[in-house]
Amino acid sequence: MEAERGPERPPAERSSPGQTPEEGAEALAEFAALHGPALRASGVPERYWGRLLHKLEHEVFDAGEVFGIMQVEEVEEEEDEAAREVRKKQPNPGSELCYKVIVTRESGLQAANPNSIFLIDHAWTCRVEHARQQLQQVPGLLHRMANLMGIEFHGELPSAEAVALVLEEMWKFNQTYQLAHGTAEEKMPVWYIMDEFGSRIQHADVPSFATAPFFYMPQQVAYTLLWPLRDLDTGEEVTRDFAYGETDPLIRKCMLLPWAPTDMLDLSSCTPEPPAEHYQAILEENKEKLPLDVNPVVHPHDHIFKVYTDVQQVASSLTHPRFTLTQSEADADILFNFSHFKDYRKLSQERPGVLLNQFPCENLLTVKDCLASIARRAGGPEGPAWLPRTFNLRTELPQFVSYFQQRERWGEDNHWICKPWNLARSLDTHVTKSLHSIIRHRESTPKVVSKYIESPVLFLREDVGKVKFDVRYIVLLRSVKPLRLFVYDVFWLRFSNRAFALNDLDDYEKHFTVMNYDPDVVLKQVHCEEFIPEFEKQYPEFPWTGVQAEIFRAFTELFQVACAKPPPLGLCDYPSSRAMYAVDLMLKWDNGPHGKRVMQPQILEVNFNPDCERACSKAAPGDAASSLRVVWAPVYKHTLPFLRGAML
């Protein structure tokens with residue numbers, strides 16, 4: 001057993017030189033105004049804020065004066081076969097080295113002391129999609145991470161094996177934060193690994209310390225704050241709770257699985273639809289107020305509708321003579337809003353005849369965890385054939401872990417894709433076969449995890465090879481009761497830029513198809529009229545009319561279950577609502593009757609207020625006014641003009 005001091009840092013200054021008490025109080029007040037909300041949210045006691053400001057301003061890292069790192073070599077005298085197998089899979093399969101942080105100062109540490117808060121450096125900060133590239137290109141990074149994680153690394157040049165080991169082991173060390181302001185890209189979760197001191201702090205269910213990430217805005221630098229939860233004597237261990245904030249014993253067990261392997265095969269992986277209380281809680285969280293019952297308003301056939309909109313595509317493309325734009329929301333007959341509408345109750349009371357481009361409770365379609373929940377009405381606890389098996393990592397983590405381990409035991413494919421509940425454009429979306437990675441992703445933003453389509457139907461690009469592609473259809477929901485749903489038969493295609501294979505899972509251009517938001521990436525565009533004959537040439541046994549019929553059948557079933565129950569368990573039947581959605585899907589190979597291969601549509605997501613720039617900027621071939629077809633209508637079936645007549 002060997003103990004060493006923490007990282008050597010300059011000694012802490014006890015006061016800021018040249019600063020009067022009044023200036024110090026003013027600086028602290030400014031600091032509290034800027035950072036107080038974040039510090040309170042992290043539970044940092046206010047008694048530490050003054051010394052914290054001093055340490056931040058002067059970059060005081062004084063943990064080495066109080067703590068030391070103890071290295072312990074643990075050899076199990078009696079070890080069963082299962083334990084030996086687990087140890088053999090570890091980066092260092094020999095005698096395990098265990099590090100602990102202890103209090104070394106003779107006087108110990110008092111929680112009431114305002115100076116008992118410490119800064120911890122971050123050794124590596126990245127976004128997951130950049131991790132491999134940084135390990136390969138940043139000098140010294142791979143070597144430092146390998147040493148920190150206990151991975152043997154020889155030589156100076158990064159090896160693929162060493163990089164892969166670090167990318168797997170990093171989930172035992174990663175912590176995360178995200179910025180509250182900025183663009184969608186800037187607010188994506190950031191993952192970081194604390195320095196050698198911070199990374200040696202071990203877990204305890206009843207910890208002696210708390211930690212929290214902290215972004216110091218004046219210097220644009222992130223640290224981890226460390227402070228005691230009680231007084232500690234010399235020699236006592238510094239610990240933190242790796243599952244901080246979680247009280248459910250089963251979920252805690254799952255969250256700690258990266259450090260404490262657990263067999264959860266006996267737990268059922270069944271995921272029935274959540275109870276009614278779940279949907280009521282979502283309604284209250286969204287602060288959405290349901291409308292009163294109203295009667296549909298009938299307008300004369302020559303009525304000119306005043307449209308109020310903040311959607312530029314509508315403002316610039318709506319040229320039909322029966323519509324006129326207005327700058328006054330109060331005078332409008334139609335509200336076409338970009339943002340989500342909340343107060344349907346007030347609208348139904350005061351202006352029941354005003355048409356709106358949204359339905360109450362449509363988040364059941366457009367938010368991924370809700371989509372998976374309502375889909376179980378069609379396919380039971382495992383979901384329907386047209387939706388990949390999906391788990392809500394917030395509420396169904398134990399079931400997912402069990403299912404993952406079952407598939408692992410059966411030797412089945414275990415590639416998964418983690419997605420935020422409520423983001424599009426593949427932002428913060430990750431493909432992985434690492435259980436540890438999926439468990440830890442739960443700590444960033446609310447996410448679902450869906451089975452990655454390991455056998456997609458591919459499209460041959462002569463310049464690249466066989467690539468993934470997805471299809472986007474625009475559907476229009478005219479009413480809930482009766483259910484009247486239309487689909488625009490001009491669809492859009494998106495392609496990957498590299499030939500598909502189940503490797504290089506962080507290669508965006510191989511595994512994703514959204515290329516139109518990065519000017520540096522090739523965007524392959526094929527119109528649907530060009531795509532269909534080429535698709536049928538590549539797959540002569542699968543005429544597109546048959547494939548599209550299966551796609552429309554999936555749409556029908558999805559909207560049937562979405563409208564099957566009253567709000568908030570289903571979409572609200574509000575006569576003044578109309579809505580367009582984009583349904584993104586892929587095709588996968590599946591086994592049909594008698595073992596015959598079939599193309600099974602896989603709905604990926606449903607998007608509110610879809611980007612219709614391509615539809616507006618370039619007219620579709622043929623008469624767009626006759627290209628909107630009824631997918632399912634219980635009362636009548638006929639074609640309607642796209643958007644114009646159907647919206648009315």
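Each chain has its residues counted from 1, running along the sequence as written. Predicted model: local features are reported for residues with pLDDT of at least 70 only, side-chain atom pairs are reported and counted for 80 or more only, and whole-chain, interface and lining totals are derived from all residues. The side-chain figures draw on all heavy atoms in the structure; neither hydrogens nor water molecules are used.

Identification of the chain as Tubulin tyrosine ligase like 12 from Rhinopithecus bieti is taken from an unreviewed UniProt entry.

*Asks:* Explain the environment of Glu 186 to me, using residue names and the numbers behind them.
*Replies:* A run of H or I in DSSP counts as a helix once it spans at least four residues, and a run of E counts as a strand once it spans at least two, with each numbered from the N terminus. Here Glu 186 lies in the loop between β6 (174–177) and β7 (190–194). Judged by relative accessible area, Glu 186 falls into the partly exposed class, the value being 42%. In this view, Glu 186 contacts Arg 127 and Leu 179; residues no more than four positions away in its chain are not counted. There is a polar contact of 2.9 Å between the side chain of Glu 186 and the backbone nitrogen of Thr 183. Using a 1.4 Å probe on the protein chains alone, a residue whose accessible area is under 20% of its type maximum counts as buried, one over 50% counts as exposed, and one in between counts as partly exposed. Only heavy atoms matter for contacts: two residues are in contact if any of them lie within 4.5 Å across the pair. For the purposes of these results, a polar contact is taken to be a pair of N or O atoms within 3.5 Å, where, inside protein, one atom must be able to donate a hydrogen and its partner to accept one; residues adjacent in sequence count only when each atom of the pair is a side-chain atom.

*Asks:* Summarise empty space enclosed by the protein; cite the residues concerned and give the values.
*Replies:* Sizing a probe to match a water molecule and rolling it over the atoms shows the empty space that remains. Here the term cavity refers to a set of points on a 1 Å grid, laid over the protein atoms alone, in which a 1.4 Å probe fits but cannot get out; the term pocket refers to an open set having protein on both sides within 12 Å along at least five of seven lines, with lining residues being those that place an atom within 4 Å of a point. Grid points are joined across faces, edges and corners, and a volume is the space filled by probe spheres set on the points. Applying the stated criterion to the full structure yields five cavities of 30 Å³ or more. A volume near 90 Å³ is recorded for the largest cavity. As for the largest cavity, its lining consists of Lys 368, Leu 371, Ala 372, Leu 387, Pro 388, Thr 390, Lys 419, Val 448, Ser 450, Ile 603 and Leu 604. The set of elements that each furnish at least two residues to the lining of the largest cavity consists of α13 (368–379), β19 (447–451) and β26 (597–608). No other element matches the three residues that α13 contributes to the lining of the largest cavity. Class assignment of the residues belonging to the lining of the largest cavity gives a composition of seven nonpolar, two polar and two charged. Each residue gets one label: Ala, Val, Leu, Ile, Met, Phe, Trp, Tyr, Cys and Pro are nonpolar, Asp, Glu, Lys and Arg are charged, and the others, such as Gly, are polar.

*Asks:* How would you explain the packing of aromatic side chains if you had to name every residue and give the values?
*Replies:* Pairs were defined over the aromatic rings of Phe, Tyr and Trp, the Trp ring being its six-membered one, requiring ring centres within 6.5 Å. Orientation was assigned from the angle between planes: stacked under 30 degrees, edge-to-face over 60, tilted for the rest. With the rule as written, the count across this model stands at 37 aromatic pairs. With 5.5 Å between their ring centres and 55° between their planes, Phe 469 and Phe 531 make a pair best called tilted. Within this pair, whereas Phe 469 is found in strand β22 (residues 469–479), its partner Phe 531 is found in helix α17 (residues 528–538), the two being separated by 62 residues in sequence. Taking the relative accessible area as the measure of exposure, Phe 469 reaches 1% and is therefore buried. As a reminder, the over-ring test applies to NZ of lysine and CZ of arginine, requiring each to be within 6 Å of the ring centre and within 35 degrees of the ring normal. Residue placement shows Arg 200 over the ring face of Tyr 99; its charged tip is 3.9 Å from the ring centre. The ring centre of Tyr 279 lies 5.7 Å from the NZ or CZ of Arg 377, which sits over that ring.

*Asks:* Break down a negative patch on the surface for me, with residues and values.
*Replies:* The grouping of Glu 22, Glu 23, Glu 26 and Glu 30 at the surface amounts to a negative patch. Relative to the helices and strands, Glu 22 resides in helix α1 (residues 21–42). Note on Glu 22: relative accessible area 59%, which makes it exposed. Grouping into patches uses exposed residues only, defined as over 30% relative accessible area, and leaves out salt-bridged ones; the cut-off is 9 Å for like charges and 5 Å for nonpolar side chains (Val, Leu, Ile, Met, Phe, Trp, Tyr). Only the protein chains shown count as cover for residues, and the accessible areas themselves come from Shrake-Rupley with a 1.4 Å probe. Criterion for a salt bridge: a side-chain nitrogen of Lys or Arg within 4 Å of a carboxyl oxygen of Asp or Glu. Residues scored as positive are Lys and Arg, those scored as negative are Asp and Glu, and His as well as the terminal groups of each chain are ignored. Charge positions are represented by NZ for Lys, CZ for Arg, CG for Asp and CD for Glu.

*Asks:* So, the sheet that holds strand β4 (residues 118–120): which residues are in play, and what are the values?
*Replies:* Read across the open sheet, the three strands follow the order β4-β10-β9; overall the sheet is antiparallel. Each edge of the open sheet carries a strand with a single partner, namely β4 and β9 (209–216). Within this sheet the neighbouring strands show an average axis-to-axis angle of 35°, counted without direction. At least two DSSP bridges between two strands are required for those strands to pair. Across three bridges, the pairing between β4 and strand β10 (residues 221–228) is antiparallel. By the bridge assignment for β10, Leu 119 is matched with Leu 225. Note on definitions: angles span 0 to 180 degrees between N-to-C directions of axes, and those axes are lines fitted to C-alpha atoms, for helices only across the stretch in contact.

*Asks:* Report on the pairing of β7, specifying residues and quantitative values.
*Replies:* The buried fraction of β7 is high, at five of five residues. Residues of β7 alternate between two faces, with Val 190, Tyr 192 and Met 194 on one and Trp 191 and Ile 193 on the opposite face, all of them buried. Inspection of the sheet shows strand β5 (residues 122–126) paired to β7 by four bridges, in the antiparallel sense. Note that in β7 the partner of Cys 126 across the bridge is Trp 191.

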